Amino acid sequence: MRRAKISVIGAGNVGATCAHWAAAKELGDIVLLDIPEREGVAKGKALDLMQCGPIEEFDSKVTGTSDYKDIADSDVVVITAGLPRKPGMSRDDLITTNVKIVRSVSENVAKYAPGAVVIVVSNPLDAMVYTAWKVTGFPTSRILGQAGALDVARFRTFLAMELGCSVEDIQALLLGGHGDDMVPLPRFTSVHGIPINQLLSKEVIDRCVQRAKVGGGEIVQLMGTSAYYAPASGTIQMVEAIVKDKKRILPCAAYCENEYGVAPGQKGQGYFVGVPCVLGSAGMEKVVQVQFEGDEKKLMDESISHVKDLVGTVRKIFPDLA
Ligand code: APR
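Residues numbered from 1 in each chain as written. Predicted model: local features only at pLDDT ≥ 70, side-chain atom pairs only at ≥ 80, totals over all residues. Heavy atoms only, no water.

1. Comments concerning helix H8 (residues 215–223)
Those residues of H8 that sit buried are Gly215, Gly216 and Val220. What you see down the axis of H8 is that its buried residues fit within an arc of 140°, all on one side. In this structure, H8 carries Gln221 and Leu222 as exposed residues pointing more than 90 degrees from its buried face. Looking at the packing, one finds that the buried side of H8 touches helix H6 (148–163) and helix H7 (202–213). Downstream of H8 by a residue or two, glycine 224 has a phi angle that is positive, lying close to 85°. (Buried < 20%, exposed > 50% of the residue type's maximum accessible area, 1.4 Å probe, protein only. Helix = DSSP H or I, 4+ residues; strand = E, 2+ residues; numbered from the N terminus. Arc of directions from axis to C-beta. Contact = heavy atoms within 4.5 Å.)

Written as C-alpha cells, this is what we have:
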C-alpha cells in the first residue's frame, strides 16, 4: 500500500514541528523543504527526526530538501514559509513580505504537486490562503487555511484550566478570521455535553474567550517569536483528517460564497473565512452552516469584513492577484 506523502514548505519552527507531529503519528512520508540557503537546516532536521523513529516507533521517512521536484505526488502540502511575528507586531504587519514568499511557494506547488490538498499556515492567514488560491488556481476544495483548529485548542485549554478537568472533554467552536476579531461561540461550547454556562460564570467564560483571541500575541510577548507547537499540532490534525479520509468536522479557513453570507450570488468572488468544515481525502468536502443567535451574526460579519479588508490590501499591493 502506498503511504501518504506530506510535504511541508518552510523548515523553521512551525514547519519542523509539523514534520515532527506527522512522523510521530506515522501519517505518511514527509518532505521538509526550505530555500537553498537553508537546505542544510531542512536536511539536518529531517535526519534528526528520522532518528526518533526507532525510539518513538514510526517508519515514516523524513527527507530535507530545497528542490521542489521532491514534492511531486504529494497528497498534502503544508505551507509554513514566511516571517513569524515579533513583539509589537500584528499578524497583518507581515502581509507584504509573506505574500511574496507564499506566492513563490504556491507557483512551485502548482507546478510540482498539482494534485495536492494545500493547507496554508503562514500569516496573516486569511490573506495567505487567498494568495495560495489565486496563484495555484486549485479548486477551492483543495485550498485550506489552518487557524480554527489552533484557536479552538487554545480556548479549550483555557476552559480546562478554569474547570480543572480534562481538555479532552471540552467541545468548542470558534469561527471567523484568524485575528483578534475571531468569533468564539460559548453557546456551542460544552463539557462532555454539559453546556459551559452551567459550569462557569459568564465572566470566566468571557475571560477565556478573550485569552483565546489574543492567545498568539501572549506567546509572542513571552518568546519574542510566534508560537509553533500548537499551530503545528492544529495543522497536523487537519492533515490526519485528510490522509485518513476521516470526514472530521474541524474549523478551517475555507472558501465561502453563499455560506455565512460571505459573497452571496457572487460566483468566484468569495473569501476564505473560518468555518466548520468536513475534511476528507478530497480536502474541504463541505462547509457546515451554523444558525446564529443574538449578536453572533454581527460578530461574524465584523470578522468577515476584516478578512475582506486584508484581501483588499493584498489586491492593492499586488494588483495581478485581484
Ligand atoms: N520557500 C521556502 N521556505 C521559505 C521561503 C520560501 N520562499 N521563505 C522563507 N522560508 C522559510 C525560512 O527559511 C524559514 O526556515 O520559512 C521558514 C520560516 O520559519 P520561522 O522563521 O521559524 O517561522 P515560523 O515560526 O515557522 O513561522 C512561519 O507560520 O504561524 C506562521 O506567523 C507564522 O508566518 C509565520 C509562519
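Back to the write-up after that little detour.
2. Here we look at the site of the ligand
Inspection of the region around the ligand gives 23 residues, with Asn13, Val14, Asp34, Arg38 and Leu83 positioned closest. For the ligand, an oxygen atom lies 2.8 Å from a polar atom in the backbone of valine 14. Within the backbone of leucine 83, a nitrogen or oxygen atom sits 2.9 Å from an oxygen atom of the ligand. Protein chains shield 87% of the accessible area of the ligand, which is 720 Å² for the free molecule. A majority-of-atoms criterion places the ligand in the largest pocket. Every element with two or more residues in the shell around the ligand is listed here: helix H1 (13–24) and helix H4 (95–112). For the shell around the ligand, the element with the highest residue contribution is H4, accounting for four residues. Class assignment of the residues belonging to the shell around the ligand gives a composition of 11 nonpolar, 10 polar and two charged. (Near = heavy atom within 4 Å. Polar contact = N/O pair within 3.5 Å; in protein donor to acceptor, adjacent residues only side chain to side chain. Areas by Shrake-Rupley, 256 points an atom, 1.4 Å probe, with all protein chains shown as cover. 1 Å grid on protein atoms, 1.4 Å probe; cavity = no way out; pocket = protein on both sides within 12 Å on 5 of 7 lines; lining within 4 Å. Sits in = over half its atoms within 2 Å of the grid points. Nonpolar A, V, L, I, M, F, W, Y, C, P; charged D, E, K, R; others polar.)

3. Quick notes on the state of the cysteines
Using the criterion set out here, one finds zero disulfides in the structure. In this model cysteine 208 remains outside any disulfide bridge; the closest cysteine sulfur is found in cysteine 165, 11 Å from its own. (Disulfide = S-S within 2.5 Å.)

4. A short note on the sheet that holds strand S7 (residues 170–171)
The strands making up a sheet are joined through hydrogen bonds of the backbone, oriented either antiparallel or parallel. What the three strands build is an open sheet, ordered S7-S10-S11; its pairing is antiparallel. Sheet topology places S7 and strand S11 (194–195) at the edges, where each strand pairs with a single neighbour. Where strand S10 (residues 190–191) and S11 come together, two bridges link them in antiparallel fashion. For valine 191, the partnering residue across the bridge sits in S11 and is isoleucine 194. (Pairing = 2+ DSSP bridges.)

5. Remarks on the domain arrangement of the chain
Domain annotation of the chain identifies domain 1 (5–145) and domain 2 (147–322). Summarising the inter-unit geometry, the C-alpha centres of domain 1 and domain 2 are found 21 Å apart. Between domain 1 and domain 2, the contact holds 43 residues from the first and 50 residues from the second. Summed over both partners, the interface of domain 1 with domain 2 comes to about 4,000 Å²; 70% of that surface belongs to carbon and sulfur atoms. The largest per-residue losses of area from domain 1 upon contact with domain 2 belong to Arg91, Asp126 and Tyr130, which jointly make up 17% of the total buried on that side. (Domains from an automatic or database assignment. Buried area = accessible area lost by both parts, 1.4 Å probe.)

6. Points about the packing of aromatic side chains
Throughout the structure, instances matching the rule amount to seven aromatic pairs. Between the aromatic rings of tyrosine 255 and phenylalanine 272, the centroid separation amounts to 5.4 Å while the plane-to-plane angle is 65°, which identifies the pairing as edge-to-face. In this pair, tyrosine 255 sits in strand S12 (residues 248–256) while phenylalanine 272 sits in strand S13 (residues 271–280), placing the two residues 17 residues apart along the sequence. Comparing tyrosine 255 with phenylalanine 272, the two get one shared label, buried. Judged by centre distance (5.7 Å) and plane angle (50°), the ring pair of tyrosine 260 and phenylalanine 292 falls under tilted. With tyrosine 260 in the loop between S12 and S13 and phenylalanine 292 in the loop between strand S14 (283–287) and helix H10 (296–317), the pair connects residues that are 32 residues apart, well separated along the chain. A connected cluster of aromatic rings, assembled from ring pairs, spans Tyr130, Trp133, Tyr255 and Phe272. (Phe/Tyr/Trp six-rings, centres within 6.5 Å; stacked < 30°, edge-to-face > 60°.)

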